[in-house]
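Remarks on the overall topology
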Amino acid sequence: MPRKLMKGNYAAVYGAILAGCKSYYGYPITPASEIAESASALFPKFGRTFLQAESEVAAINMVYGAAGCGQRVLTGSSGPGISLKQEGISYCAGSALPCVIVDIMRGGPGLGNIGPEQSDYNQVVKGGGHGNYKVIVLAPNSAQEMCDLTMLAFELADKYRNPAFVLTDGVIGQMMEAVELPEPVTELPDKSEWAVYGTADSRHLINSIYLDHDDLERWNRELMKKYAIIQKNEVRVEEYRMDDAEIVAIGYGSCSRVIRSAVDLARERGIKLGMLRPITLFPFPATEIASLPDRGVKGILTFEMSDGQLVDDVNLALKGKMISDLHNRMGGNVPSAQEICEKVSELYGV
Amino acid sequence: MAHKTVLRKPKGFIDVYKHKPGAEKDRTHYCPGCGHGILHKLIAEALEDFDIVDKTIVISPVGCSVFAYYYFHTGNLQVPHGRAPAVATSVSRANPDSVVISYQGDGDLAAIGGNNILQAANRGENMVVFFVNNAIYGMTGGQMAPTTLEGQITTTTPYGRNVKTDGYPLQMCEIINQLTAPVYVTRTSLHDMPNIRKTRAAVRKGIKNAMDKKGFSFIEVLSMCPSGWKMDSVPAQEWIKENMLPRFPLSTLRDISEDTPAVERPVPVMDPDEVKNILGYGALSDSNLTKNPDAAFEKVALRVAGFGGQGIMSAGIALANVGMEYGYNVSWLPSYGPEMRGGTANCSVKIQSETIGASECTEPNMLIAMNQPSLEKFEKIIVPGGALIYNTTLIDREPTRKDVKVYAVPITGIADDLGDTRVQSMVNVGAFAAVTGMFDPSEIESLMSSLFEGKPEKVVKLNEKAVRKGYEYVKENFS
Amino acid sequence: MNENREYPFPEIDPDICKGCKLCVASCPKGVLVISERLNSKGFHYSEYVGEGCIGCGNCFYTCPEPSAVTVYMKDYVPEEVS
Ligand SMILES: Cc1ncc(C[n+]2csc(CCOP(=O)(O)OP(=O)(O)O)c2C)c(N)n1
Ligand code: SF4
Ligand code: SF4
Ligand code: SF4
Ligand SMILES: [Mg+2]
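Residues numbered from 1 in each chain as written. Chains lettered and ligands numbered in written order. Predicted model: local features only at pLDDT ≥ 70, side-chain atom pairs only at ≥ 80, totals over all residues. Heavy atoms only, no water.

For ligand 1, the set of nearby residues contains 17 residues, the closest of which are B:His36, B:Cys64, B:Asp106, B:Asp108 and B:Gly138. Around ligand 1, the nearby residues trace back to chains A and B. A distance of 2.8 Å is found between an oxygen atom of ligand 1 and a backbone nitrogen or oxygen belonging to B:Cys64. Contacts to ligand 1 include B:Gly107, whose backbone N or O atom sits 2.9 Å from an oxygen atom. Computed on the free molecule, ligand 1 has an accessible area of 590 Å², of which 77% lies beneath the protein chains in the complex. Considering every element that reaches the shell around ligand 1, the biggest residue donor is helix H4 (residues 106-112) of chain B, with four residues. For the shell around ligand 1, the per-class residue count stands at six nonpolar, eight polar and three charged. (Near = heavy atom within 4 Å. Polar contact = N/O pair within 3.5 Å; in protein donor to acceptor, adjacent residues only side chain to side chain. Areas by Shrake-Rupley, 256 points an atom, 1.4 Å probe, with all protein chains shown as cover. Helix = DSSP H or I, 4+ residues; strand = E, 2+ residues; numbered from the N terminus. Nonpolar A, V, L, I, M, F, W, Y, C, P; charged D, E, K, R; others polar.)

As structure tokens, then:
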């Protein structure tokens, strides 16, 4: 496999190109700007569309239009931009339009800073716009996964006709790693049943209006059914040294990279620490987490770069069988492996 | 246009309005005398007459025309409030051979979507925009619109629009006409028969422009909202004439479609082999260098730190690249953002055989310090037994750590002797190779052309020399 | 349509008409009037008085309801009814 050293942000764009994404619409924001920049360099080489929109609001609506026309389409942004996109994402979900949104999280609230945080968790994983909907959320933790999971995001978005997020933080976006470039997708899904191509047989309607209350309730129930299927079929997790783990650290994105180091460090010190890393945040690996108490785990530590947004979901999954502790950093601070090890020792007396 | 022997519901309309809920699928949802209905008919007629019903896509806004999709026998997208021009942009890009119609009210276009219309117009997107100016928010029950006239009473201007607090009625045609790209900008009205016929001509002209890919056409139509204005339809026409015309004069502000070439859009390359070709898969080789089993370091967690402009980032990237070629796992993490604005820069590089966890080197086993502040900041975090390379050209104080191996190297000086300070990053690469034993300088040389892809031969050679000099300096002074 | 009528003439669907009177105001010959009667939706619909139409098409183009007005021109040839 050919390898190339590249930033996570670039890798997402390579993944999009390889997945047959035909257009990119976006507005620059640190630390996601390299997505727009690399898209502006790459897409025109393929005669595909790159357009720097006038705002994130415009960008997501362009995504809506391109998705409605059956294209695989990408946009990328960070916290404040994602907030602006939410209305459009809700429309995409309501109109069952597949599209991929990359969120390279930064510090908040407000303008916050551009350091790495994971504080968009709630606004992304909970379907942050108005109405009843969810988006598929994939959480890469390496440049390789930025490429691979972006490709997977396109596949899942099309499979379920739903927006899909690639959610990560500034560390993964800015970091360079060797990426093994996969084979390009050879066949794109057939969308002729519903997409608008400007032809006689594609006189379709892309719409999220259901005036009749019963019709809208029915549609919402259909969406719920879809999300249940996604929950059943698409959960992905990574486990590291879990076989004999007595204490489990849970984290995603760059946190999971630090946890991995912390696990190795803890093991050197004789502490049986393991890692459970959600790769999908929706669907959330609730079953996998709920089974931890039955696997002999004595302590669960959720580790995130946000104010307890992830630990809430972990505890919801645990249903009171155990309660996860929280260790978190914010403001752009990334914890170190040593810090996690010490936290584990302090909390569990090991 | 051929003479018509019958004027009847145009084929641009759907026969039975199947998307309309309820029983009344044979009539519109519009109020009696509403201008939207008249404009719809003119559009639908043109689509039939030009035989483009099949290839037209209509964007329905939010406003009373939110349900335009009930009626047009075309592809339809209903879109968020104000965003029709943004959606129409990507629809037109995705289907460059289709005729894209963006239909908007005054609140939609001139208030919430004000920037979107300007930007689409400014890009010269290939679309025709129908802008229904009825000086009010019809759908939400008659609130003030950006086009509401001075003194006009609406449900949110119960004392009349006060220009001192509410601003002046926006003249969108005049604003759009300030832009370079649009090809056709006109304002017409539905207030009497001659003007309805002029509107018909404008509709046809705009649609023709979109068919011929002439770019952006903007047609503002002064239109009755008898319900919002709380009057009958015929007096509403009179009201346009008396009140709207003075503020919104009817004229064609621009018509340059004749002299404008057709918009051209590229055909996307989707063939997998061609995609790989363009991405340069052929030039990317698998790692073919062998790791040195006798290296002094088997894994490196390195910080490179100094001023911006000292090649800090590029030294780190070059090392990661070389490490990758040896088959190591590598990661490179820059300090990014405001930190860099302060003029200092640092990056973390990891090179190791095992999977890499954290990419930030919080406990590096090697530091390359290019200036005094960097030495002070990072010296203390090196693990005992680690290595410290420091740039004696710019640092005159000795490191304080005694439990690490110190390499005093005049990095900047070596680069300057070579005639170009910028090669200090590669001096560092050479020094790193000598300290760690992980890389062989002649093997690095074999990678130079790919590391400096696209750079002139002279630059490549100079950097090659820099690697060699850095390597030799360490070998000669610290073996 | 009514075979006995003299071309040109307008045909107004009394049930679709919303009684806005725009057609009445637009008719150069004044041959359209608003009916005393109400249609099923409660509108006083527009009616052709039966003669005097010159086929100018004004009523068609000014009517906001797509299928309320049809105007048959002088040279209209009725389609074969199969
Ligand atoms: C984001 C958002 N804000 C507000 C609304 C409510 N809203 C619906 S239509 C409308 C005004 C429409 O007025 P205009 O564009 O002039 O259309 P008209 O009905 O007059 O044709 C408003 C404010 C909405 N649907 N979405
Ligand atoms: S409220 Fe005004 S714009 Fe809306 S349908 Fe009625 S007349 Fe037309
Ligand atoms: S076609 Fe002209 S003359 Fe005949 S009824 Fe209509 S408006 Fe009057
Ligand atoms: S214009 Fe149409 S809706 Fe209005 S009165 Fe005439 S026929 Fe009826
Ligand atoms: Mg309006």
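That was the structure; now back to the text.
Here the focus is the sheet that holds strand E13 (residues 273-278) of chain A. Residues and elements named next belong to chain A. If you walk across this open sheet you meet the five strands as E11-E13-E12-E15-E16, and the pairing is mixed. One side of each edge strand has no neighbouring strand; the edge strands of this open sheet are strand E11 (237-240) and strand E16 (325-328). Sheet twist, expressed as the average angle between the axes of neighbouring strands with direction ignored, equals 20°. With four bridges connecting them, strand E15 (residues 299-304) and E16 associate as parallel partners. Across the sheet, residue leucine 301 finds its bridge partner in E16, namely aspartate 325. In the packing of helix H12 (residues 337-348) onto the sheet, the strands contacted are strand E12 (247-250), E13, E15 and E16, and the crossing angle to E15 comes to about 145°. (Pairing = 2+ DSSP bridges. Axes fitted to C-alpha atoms, helices over the stretch in contact; angles between N-to-C directions. Contact = heavy atoms within 4.5 Å.)

This next bit is on the sheet that holds strand E1 (residues 9-12) of chain C. Strand order in the open sheet formed by three strands is E1(B)-E4(C)-E1(C), with antiparallel pairing between adjacent strands. Edge positions in the sheet fall to strand E1 (6-7) of chain B together with E1 of chain C, since each of these pairs with one other strand and no more. Note: E1(B) against strand E4 (residues 69-72) of chain C, two bridges, orientation antiparallel. Along E4(C), the bridge assignment pairs B:Leu7 with C:Val71.

Residues and elements named next belong to chain B. Using the criterion set out here, one finds 48 salt bridges over all chains in the structure. Glutamate 445 is the salt-bridge partner of arginine 468, the closest N and O atoms lying 3.0 Å from each other. Of this pair, arginine 468 sits in helix H18 (residues 457-478) while glutamate 445 sits in helix H17 (residues 441-451), placing them 23 residues apart in sequence. For arginine 468, a relative accessible area of 28% corresponds to the partly exposed category. (Salt bridge = Lys/Arg side-chain N within 4 Å of Asp/Glu carboxyl O. Buried < 20%, exposed > 50% of the residue type's maximum accessible area, 1.4 Å probe, protein only.)

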